[in-house]
Number of protein chains: 2
Amino acid sequence: MGGTTMASGGQYDRHARVQASASAFALDIVRRAAEEAALSPPSEPIALADYGSATGKNSLAPVAVAVEALRARDPRPILVFHVDQPENDFSTLFSTLRSEPQSYSLGAPSVFGCAVGRSFYEPVLPTGAVSVGWSSAAAHWLSRTPAALTEHLWAPTARSPGAAPFAEQARRDWHSFVRLRADELRPGGQMVVVVATVDEHGVCGGEHVLDGLDHEARRLVSAGALSHEEYGRMVVPNFFLSRPELEGPFAHPELRGRLELIEHVRVIVPDPLWASFETTGNGAAFGAAFVGWLRAFSESCLFGALGPGRSVDERRRLADHAYGELGDEIRRQPEAARCAWRMAALRFRKR
Amino acid sequence: MGGTTMASGGQYDRHARVQASASAFALDIVRRAAEEAALSPPSEPIALADYGSATGKNSLAPVAVAVEALRARDPRPILVFHVDQPENDFSTLFSTLRSEPQSYSLGAPSVFGCAVGRSFYEPVLPTGAVSVGWSSAAAHWLSRTPAALTEHLWAPTARSPGAAPFAEQARRDWHSFVRLRADELRPGGQMVVVVATVDEHGVCGGEHVLDGLDHEARRLVSAGALSHEEYGRMVVPNFFLSRPELEGPFAHPELRGRLELIEHVRVIVPDPLWASFETTGNGAAFGAAFVGWLRAFSESCLFGALGPGRSVDERRRLADHAYGELGDEIRRQPEAARCAWRMAALRFRKR
Ligand SMILES: C[S@@+](CC[C@H](N)C(=O)[O-])C[C@H]1O[C@@H](n2cnc3c(N)ncnc32)[C@H](O)[C@@H]1O
Ligand SMILES: C[S@@+](CC[C@H](N)C(=O)[O-])C[C@H]1O[C@@H](n2cnc3c(N)ncnc32)[C@H](O)[C@@H]1O
């Protein structure tokens, strides 16, 4: 699991503008969830859960929207559970909650953030406890790497070579994720999940984002700096499901009676890094921003998979080299890194 | 605040046998608290809070005892909130909860650990949420260093030179701590706090534990390796209150009507490191164990206070030197490090 943990020390947050803009369209959706969700009995705090929070910066806006909607209904204390893997950098999360000017807990003495360090593919909170759930850019991370991917770093869609085991794992993981959240929601509680998806042509709009890095990794293999075995182990375990696949669990006999899918909103997200580049024309800045974003989510799974004999310094040096070269490449060919992510937001209700 | 954070990466836990044995006498007391505490409404999880958890190993036994007593009364899910400073190593805490054989959450699918990274001298949980509270070896850490202590590293009792501002700060902090917990307890909820204390002669039984290190630090000053200013900033911000001082808040007009002090148990704790030494006669092992324990709680406040120009490596080298010399010294004179801590456990109830 550690392999899919985001960069620590605020590095993920500094480079998570892409994820922020990819979930911004869902802020209205989480507001509706908070307006309609069933609450705990009057004497008890209201529980909100954020599944896959990383170090928290991108959770501030959706949680603030939900808190505002809940506050309009009820003055009670609110507990916000930020769930991520045990290896996540929770100290940065807590300092973000405390110090970021946009933090939902500043000037809100009755909103309390806390953390759960456990995989969201297991139960992480008491049955029936959660009034409002949120998860963004997290549930498309698989619970494990289901098969070796010896010829590539990534197989994010059904059209990617070698993707079949990833697709299968993603369908299972998504079913588990939805079933577990159905347990944790209170009856009448609501949840919004934002994930990358593919459109009716099977396109996710970012299938090429690891191509340049793949090229650099192969060059390291040719140069003898990485072994074939190491390259074979390097993989980013994402897979992006289609509309029918995402809706599958809600029609499944096990869940049909327990959950109701209320909305499924699908968008193509304009690339925020590209938009800056169009304004400034600064290719070097675009390359740096792209590589910063890519590195923050991929370094730990890719370079953490190198041979156990590698020191931390060696891993870092190899990563510095590969991401560095990639930055130069993108400065020369910015168009190659432009994305148009297909994103889906599903809002559902526990019956 | 960062200054009083315990060592990370499991180092605190590996050296926290002294704290474990200093709170073991309170396990029966926390059992009684859990047997008698008022619980949440039947549909809601039961909340337990652990204030000053560090990386969690020493929380496992008291939480397990409380969970067992609660389970005997009620099958509902239990949420355990581990509170510590934002800088605490929460990843180690979560991996301890998941993997330690004695973890209360192994084989207990309905007990959920979570973390709050916030100073317990502020509100950290919703008003009226907590059924059972626990805090061990934490509330004798001050909220801040109230004054420079230029001639020593520590002023833990009223008899220590320069202690007056520390005593004053400790009384204020203790009052705040109790008042804040009174807010967080639900009516009928109970809490047990274990702290070091002084007996009727003003003795805590460990006043000498920093003497050897103080000596090494002064030698570093004489040798020019530490500046006078740096030495002046080095301080471990603890202060140990007496029986009447600990009972003070419960008689204070602000709290008298809200809290009832049920038990105040006071013990002298046999030194577990010394007991091993008596069995084995191994002075080097005793020195290493003593220094490991001392370093795990004091390195961050003492060597974190050095001049801002010091690199991480320099701080570590100076600390290695000082704690290393101390180990040699104690091997030669084990008796000088023997402790007989006076500990107090207070059990109280929210009316
Ligand atoms: C790309 S980040 C998204 C962070 C944030 N929600 C956002 O929108 O920017 C994905 C997060 O999901 C977390 N994650 C992935 N798999 C997980 C799992 N099985 N359990 C808990 N968290 C997981 C990762 O650790 C990471 O912090
Ligand atoms: C000696 S450790 C005790 C850990 C554990 N309870 C035990 O009995 O071994 C003291 C803990 O209290 C925490 N602590 C000190 N001041 C604190 C504060 N103001 N807020 C929260 N935690 C604090 C420290 O960070 C540290 O982890």
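Computed from a predicted structure; not experimentally measured. (Residues numbered from 1 in each chain as written. Chains lettered and ligands numbered in written order. Predicted model: local features only at pLDDT ≥ 70, side-chain atom pairs only at ≥ 80, totals over all residues. Heavy atoms only, no water.)

Q: I'd like a rundown of the relation of the copies chain A and chain B, residues and numbers included.
A: Under the fitted operation, chain A is carried onto chain B by 0.0 Å of movement along the axis and a turn of 180°, and the coordinates agree to an RMSD of 0.0 Å. Such values leave the two copies arranged in the relation of a two-fold axis. Residues of chain A ranked by C-alpha distance from the rotation axis are headed by Ala 115 of chain A, positioned 2.5 Å from it. When the interface residues of chain A are mapped onto chain B, 100% of them again lie at the interface, so the same face is used by both copies. (Least-squares fit on C-alpha atoms with pLDDT ≥ 70 in both. Contact = heavy atoms within 4.5 Å.)

Q: I'd like a rundown of the site of ligand 1, residues and numbers included.
A: Residue and element names in this part refer to chain A. Not every one of the 19 residues close to ligand 1 is listed here, only the nearest: Tyr 12, Asn 58, Asp 84, Phe 120 and Ser 136. One of the side-chain N or O atoms of Asp 84 is found 2.5 Å from an oxygen atom in ligand 1. In this structure, Phe 120 approaches ligand 1 through a main-chain N or O atom, which is 2.8 Å from a nitrogen atom. Its free accessible area being 590 Å², ligand 1 has 99% of it covered by the protein chains. Split by residue class, the shell around ligand 1 holds 9 nonpolar, 8 polar and 2 charged. (Near = heavy atom within 4 Å. Polar contact = N/O pair within 3.5 Å; in protein donor to acceptor, adjacent residues only side chain to side chain. Areas by Shrake-Rupley, 256 points an atom, 1.4 Å probe, with all protein chains shown as cover. Nonpolar A, V, L, I, M, F, W, Y, C, P; charged D, E, K, R; others polar.)

Q: Which residues make up the nonpolar core, and what values go with them?
A: Core analysis: the largest hydrophobic core is formed by 159 residues, its most contacted members being Phe 290, Leu 294 and Trp 341 of chain A together with Phe 290, Leu 294 and Trp 341 of chain B. Ranked by size, the runner-up nonpolar core spans 82 residues in total, among them Leu 255 of chain A together with Phe 81, Phe 112 and Cys 114 of chain B. (Core = buried A, V, L, I, M, F, W, Y, C linked by side-chain atoms within 4.5 Å. Buried < 20%, exposed > 50% of the residue type's maximum accessible area, 1.4 Å probe, protein only.)

Q: Explain the site of ligand 2 to me, and be specific about the residues and the numbers.
A: All names here are of chain B. The full set close to ligand 2 counts 19 residues, and Tyr 12, Asn 58, Asp 84, Phe 120 and Ser 136 are the nearest of them. Ala 54 places a polar main-chain atom, nitrogen or oxygen, 3.4 Å from an oxygen atom of ligand 2. Contact distances for ligand 2 include 2.5 Å between an oxygen atom and a side-chain N or O atom of Asp 84. When isolated, ligand 2 has an accessible area of 600 Å², and the protein chains bury 99% of it.

Q: I'd love a proper account of the interface of chain A and chain B, names of residues and values included.
A: Taken together, the contact between chain A and chain B spans 31 residues of the former and 31 residues of the latter. Summed over the three residues of chain A that lose the most area to chain B, namely Phe 94, Phe 112 and Pro 126 of chain A, the buried surface amounts to 23% of that side. Ionic pairing is found between Glu 122 of chain B and Arg 98 of chain A, a salt bridge with its closest N-O pair at 3.0 Å. For the pair chain A and chain B, the interface holds 9 residue pairs in polar contact (both at pLDDT 80 or more). Where the side of chain A that touches chain B is concerned, the elements lending two or more residues are strand 2 (78-84), helix 5 (90-99) and strand 3 (111-117) of chain A. A per-element tally of the side of chain A that touches chain B places strand 3 of chain A first, with 7 residues. Within the side of chain A that touches chain B, the residues separate by chemical class into 18 nonpolar, 7 polar and 6 charged. (Buried area = accessible area lost by both parts, 1.4 Å probe. Salt bridge = Lys/Arg side-chain N within 4 Å of Asp/Glu carboxyl O. Helix = DSSP H or I, 4+ residues; strand = E, 2+ residues; numbered from the N terminus.)

Q: Can you lay out the packing of aromatic side chains for me, pointing to particular residues and giving the numbers?
A: All names here are of chain A. A full pass over the atoms with the stated rule returns 35 aromatic pairs over all chains. By the ring-pair criterion, three or more aromatic residues cluster together here, those being Trp 141, Trp 154, Phe 240, Phe 290, Trp 293, Phe 297 and Trp 341. Taking the ring centre of Phe 177 as reference, the NZ or CZ of Arg 181 above it sits at 4.9 Å. (Phe/Tyr/Trp six-rings, centres within 6.5 Å; stacked < 30°, edge-to-face > 60°. Lys NZ or Arg CZ within 6 Å of the ring centre and 35° of its normal.)

Q: Go over the layout of surface pockets with me, naming the residues and quoting the values.
A: By volume, the largest pocket is sized at about 410 Å³. Sorting the residues of the lining of the largest pocket by element identifies helix 12 (283-303) and helix 13 (312-332) of chain A as the ones contributing at least two each. It is helix 12 of chain A that contributes the most residues to the lining of the largest pocket, 5 residues altogether. Taken together, the residues of the lining of the largest pocket break down into 5 nonpolar, 6 polar and 6 charged. If you add up the space inside the second largest pocket, you get close to 230 Å³. Surrounding the second largest pocket, 14 residues form its lining, Glu 299, Ser 300, Phe 303, Gly 304 and Arg 315 of chain B being those nearest its centre. Looking at the lining of the second largest pocket, the elements that each hand over two or more residues are helix 12 (283-303) and helix 13 (312-332) of chain B. Per-element accounting of the lining of the second largest pocket gives the leading share, 7 residues, to helix 12 of chain B. Residues that form the lining of the second largest pocket fall into these classes: 6 nonpolar, 4 polar and 4 charged. (1 Å grid on protein atoms, 1.4 Å probe; cavity = no way out; pocket = protein on both sides within 12 Å on 5 of 7 lines; lining within 4 Å. Points joined across faces, edges and corners; volume = space filled by probe spheres on them.)

Q: So what's going on with the pattern of salt bridges? Which residues, and what values?
A: Close approach of charged atoms lets side chains of opposite charge pair. This model, assessed by the stated rule, comprises 54 salt bridges over all chains. Between Arg 342 of chain A and Asp 199 of chain A there is a salt bridge, and its shortest N-O distance comes to 3.1 Å. Of the two residues, Arg 342 of chain A sits in strand 7 (residues 342-350) while Asp 199 of chain A sits in the loop between strand 5 (185-196) and helix 7 (211-222), which places them 143 residues apart along the sequence. In this structure, the salt-bridge partner of Glu 254 of chain B is Arg 179 of chain B, at a minimum N-O distance of 3.6 Å. Here the residue Glu 254 of chain B occupies a position in helix 10 (residues 253-256), and Arg 179 of chain B occupies one in helix 6 (residues 164-184), the gap between them amounting to 75 residues. Glu 254 of chain B sits in the partly exposed class, given a relative accessible area of 38%. Residue class for Arg 179 of chain B comes out partly exposed when judged on its relative accessible area of 25%. Among the ionic contacts, a cluster of salt bridges with common partners joins Arg 32, Glu 36, Glu 263 and Arg 347 of chain A.

Q: Before we move on, can you summarise the side chain of Asp 199 of chain A with the specific residues and values?
A: On the accessibility criterion, Asp 199 of chain A (14% relative accessible area) is buried. There is a polar contact of 2.8 Å between the side chain of Asp 199 of chain A and the backbone nitrogen of His 201 of chain A.

Q: A description of the state of the cysteines should follow, citing residues and the corresponding values.
A: All chains considered together, the criterion is met by 0 disulfides over all chains. Cys 339 of chain A supplies the cysteine sulfur nearest to Cys 204 of chain A, a cysteine that is in no disulfide, at a spacing of 8.4 Å. With relative accessibility at 0%, the residue Cys 204 of chain A sits in the buried group. The structure places no disulfide on Cys 301 of chain B, whose sulfur is separated from the nearest cysteine sulfur, that of Cys 204 of chain B, by 16 Å. (Disulfide = S-S within 2.5 Å.)

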